[in-house]
Structure formats: C-alpha cells, structure tokens
Amino acid sequence: MKKKLFLPFIFLFSIFSFPLSSQEVKFSGEAGTVWAAALRSEKQGDFVLGDTYLNAKLDAFYEKSSAYVEGRVGFDEVSDKTYCNLREIWLDYTSDFWGIRIGRQKTAWGKADGIDITNVICPRDYSTARALFNDEHKAINAARFSLNKGNFSLDTYFIPFFTSSPLPEEKIMKLSSIIMPEKNLKSAEYGLKLSGYLPKCDLSLYGFYGFEDTPFLNYSPKIENDAQTGIDVTAEYKKMEMLGADAAIPLGETVLRLEAAFFPNRHFQKSTDTIIKEKMLSLANGSSSEIENTLQRNEISVLVGLDWMPEGWTFTAQYYGDYLFGSTENLDRTKNYTHGATLNVSKKLLQETLKLSASGIVHLNDLDSVIKLSAEYALSDSIYLEAGGYIFNEGKETGTYGEYKNLTSAYLKARYVF
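Residues numbered from 1 in each chain as written. Predicted model: local features only at pLDDT ≥ 70, side-chain atom pairs only at ≥ 80, totals over all residues. Heavy atoms only, no water.

J.: Just to check I follow, could you spell out the nonpolar core for this structure?
T.: As a rule of thumb, nonpolar side chains are buried together in soluble globular proteins. Ranked by size, the top nonpolar core spans 32 residues in total, and within it W109, I121, F133, I159, F208, M242 and F392 carry the most contacts. With three residues, strand β1 (residues 24–38) is the largest single contributor of residues to this core. The residues contacting M242, other than those within four sequence positions of it, are W109, T118, V120, Y206, G207, F208, A261, F262 and F263. Counting residues in each nonpolar core, the second largest holds six residues, with L175, Y219, I275 and I276 among its members. (Core = buried A, V, L, I, M, F, W, Y, C linked by side-chain atoms within 4.5 Å. Buried < 20%, exposed > 50% of the residue type's maximum accessible area, 1.4 Å probe, protein only. Helix = DSSP H or I, 4+ residues; strand = E, 2+ residues; numbered from the N terminus. Contact = heavy atoms within 4.5 Å.)

Written out as structure tokens, the structure reads:
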C-alpha cells in the first residue's frame, strides 16, 4: 500500500527535476474533480464516478529538439484507490526535411469525431467509467520517422511492444488466462501515414500491420467423469491489417469529411455455442486438433461527416457504416452491414463564458444509443464549472451502449487549468 501511495510523489518529483538546461521549458496541466451519480432505478443514487486528479504536462525545447512528459495522478473514490499513470514521454528531433520521435506517444489517425475508422494505431481504454466518459486512448511505445517536403509529409511507425485496450476488471475476472503477444521482433507492429495539404482539400493515406486491440475468447469445456462441470475461458490477440484514406474538403462555411478503411482477412469472434459444440464433437471423436475461435472475413468501414460553424455555434454530423463480406453464420456478429450516426451541437453564450453542448451517437441497426448533455461556465480564464449527464439506451436489443445502461448518470465537474 505504501508503494502505491509513493508512486504519485515519484511522478511529481520527476517532472520538477526534469533537466532545465533547455532553452525553454513550459509546465502546464489541469487539476480537478468530477462526481457522477447513477440515475437508473437499479443503481439510482449510487456513485459510478468519483475522481480527483492532477494532469501535468512538461514541454522542453532546445533548437530543433524537444521532449514531452505527461502524467496523471489521482484518487478514485468509487474503487477507493490511488492511481498514477505516465501517459506520454518522448524525445523529438525535427529538421526542415526529416524528423524522429521516440518514446511513449499518442497519435490520432483519421478525421472522424469520436468514431474509429482508420484510427487503429492507439487503443481505446475500456477499463473504468473514468476512461469511458473521457473517451480515452492509450499511448503506444514507438519510433516515428517523418519526411516533409512542401505540402506533403510521410510518417512511418515502428512499434516494438504491443499495447492492448485495457478491459474492465469484471471482464478480466471471468478469464482463466490472457495470452499476450510475445515481446520480440516478430510481434512488432508497423504503421504508415502519407498526408498532402492541397489548396482545395487535405488528403491522407494509411497502412497498418499489427494486432487487434481487444482479445478474442476461447471456450473449453471442463470434463470430469464424462460430464461437463464448467467452461474455461481464455483470451488471445490476433493479427490484423488495415489500408485506409481520408479527406477534408472545405465548402464555404462547412467542411466535408470522408474516411474509409479496408481490413483484409480480419478475424471475427465465433459464437460461444459454435466453439463449445465443435470442441465437444472433437473430444467425442478423440481428435486433438486445435479448434479455431475466429473466422476470417474481409471488412470495409466508411464515414461521411459535415462540420458547420456559424457565429457562436458548432454543428457536427456523421454517418458511418461497416460491411463484412461473406457469411456471418457461426459468428458472434449476426449482421453483414452495421451503421450508425452521430450529432454534436454546441453554443457559446454570455461573452463565451458559458458553453452548452449536446451530443449523441446511435447504432441504427438496434437503435441503442448514448446521449451527453453538458453546460460549462468559466468563472475565470483558469477555473471552469461543468454539469451534465450521460444517458445510455438499450434500443431494440441490448446493443453496445445498452451494456452500459447502469452508467446513465448526472455529473458535476470542477477544474483548474494552468
């Protein structure tokens, strides 16, 4: 326990003791607290989030070189735990023609807002309500080499160590084991981004070879005295490839955004019943052959978005779709085509000290959705107060967002930016 409590102090000491020989050093960040209470009848009044935190950033610059450190320390009241996360730490050198960045870093691919189409390089964090509400992505350990010429740039990524999407503790508890990719060169990941900034549009091309961020499950019946006594559930990560492109096209006061990604022979989870039946049949026949827990299919994902920003207002609307080629028989996924839409509206009032926002996303197949409403008021240039709520809806079936219905909540947030 003492070791855990000591970690935040180690982090703070490392920030303030960072070498100050650089020509310029900037220290910034945010301190705040956020509380959220459930509104659903099953957990009405229970706190689903109680987070007090310090998020600190340090930028150091010297000629063509720079370094960056970002970390977060805080106390989670719901789990009664202190946490300390080193979010990013990297070194960077940039010349007129080339550059290199090495270390733990974040990057965002694509032009979608809150939807991952080509953005497969940094995994999402699903581990806590805090991460879910903040829509957080994890940093990756990588070396990025860049070439720049005029309006074009090329970024190549070498990612020696795999970073997975953190999962909720309740899901991890159900697993007998998780098989992680080995830490060797064969398990390294690679990324490529080519961007062009043209007079009438911005274009980008992407390529990625690596692992899926979330694991696939395998089910093995426990047999004792010729009777099934339970099921062992294990998890493993599979390889994936992606080719993608995006474009942003200004049209007067609006911006049209387009994005698409193609996944050749992507792995898809088999249904639980299919895996168990196949394994029981294999055991009955005395076979020792391995039963695959996935089937491979080609997949394409697309998104069309429109941004409109008249005076004091911001409107963002998106439609996205995903098509799986081939049969869905024996898969967890039952529909070849899934699609959805997002809408975000915000307005600044009272000399831009008050910001009202409403946003939502809906899966159009099952009509499960999540809506966020918020009002933020700036007491000063540094202090902000915010109130709002998240509403998770099941739709015709439970769906992705229906699984989080108990997190439907109202929240209060206060933060100091420095």
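J.: Can you walk me through the environment of E182 in this structure?
T.: Here E182 lies in the loop between β8 (177–179) and β9 (189–197). Owing to a relative accessible area of 58%, E182 belongs among the exposed residues under this scheme. Polar contacts involving the side chain of E182 include one to the side chain of N184, which spans 2.9 Å. (Polar contact = N/O pair within 3.5 Å; in protein donor to acceptor, adjacent residues only side chain to side chain.)

J.: Got a minute to help me understand the side chain of Q269 in this structure?
T.: Topologically, Q269 is positioned in strand β14 (residues 254–269). What makes Q269 buried here is its relative accessible area of 13%. A polar contact of 3.4 Å, which involves the side chain of Q269, links it to the backbone oxygen of N293. Residue contacts for Q269: discarding those within four places in its chain leaves F216, L217, Y219, I275, N293, T294, L331 and D332.

J.: Can you help me understand the pairing of strand β18 (residues 354–363) in this one?
T.: Both strand β17 (residues 337–349) and β18 contribute to a ladder of ten bridges, which runs antiparallel. Bridging from a neighbouring strand, L349 pairs with L354 of β18. What sits between the antiparallel neighbours β17 and β18 is a turn of four residues, in which L350 has the positive phi angle 50 degrees. When β18 meets strand β19 (residues 369–378), the two strands line up antiparallel, connected through nine bridges. Looking at β19, one finds that K355 is bridged to E376. What sits between β18 and β19 in their antiparallel hairpin is a turn of five residues, with L367 showing a positive phi close to 65 degrees. (Pairing = 2+ DSSP bridges.)

J.: Hey, could you run me through a nonpolar patch on the surface in this one?
T.: Taken together, the side chains of F27, L349, L350, L356, Y377, L379, I383, L385, Y416 and F418 make up a nonpolar region of the molecular surface, amounting to roughly 870 Å² of accessible area. What makes I383 partly exposed here is its relative accessible area of 35%. (Patch = residues over 30% accessible without salt bridge, like charges linked within 9 Å, V, L, I, M, F, W, Y side chains within 5 Å. Areas by Shrake-Rupley, 256 points an atom, 1.4 Å probe, with all protein chains shown as cover. Salt bridge = Lys/Arg side-chain N within 4 Å of Asp/Glu carboxyl O.)

J.: What am I meant to see in helix α4 (residues 272–284) here?
T.: An α-helical turn contains 3.6 residues, so any two residues separated by three or four positions project in the same direction. Between its first and last C-alpha, α4 extends 18 Å over 13 residues, near the 18 Å set by a 1.5 Å rise per residue. Taken residue by residue, α4 has T274, I275, I276, K279 and S282 as its buried positions. Phi turns positive one or two residues past the end of α4, at G286, with a value near 70 degrees. (Expected span 1.5 Å × (residues − 1).)

J.: Got a minute to help me understand the pattern of salt bridges in this structure?
T.: Side-chain pairing between opposite charges can occur once the charged atoms of the two side chains come close. Inspection of the entire model under this criterion finds 19 salt bridges. Ionic pairing is found between E376 and R415, a salt bridge with its closest N-O pair at 2.8 Å. In this pair, E376 is assigned in strand β19 and R415 in strand β21 (residues 409–417), connecting sequence segments 39 residues apart. Here E376 matches R415 in class, with each residue buried. It is possible to trace a salt-bridge network through shared partners that takes in E212, R266, E299, D322 and R333.

J.: Would you mind going over the environment of K111 with me for this structure?
T.: Take K111: it is sitting in the loop between β5 (98–105) and α2 (129–134). Separated by 136 residues in sequence, K111 and A247 place their C-alpha atoms 7.5 Å apart. K111 has contacts with D202, S204, D246, A247, A248, R257 and E259, leaving out every residue within four places of it along the chain. Here D246 takes part through its side chain, which lies 2.7 Å from a polar atom of the side chain of K111.

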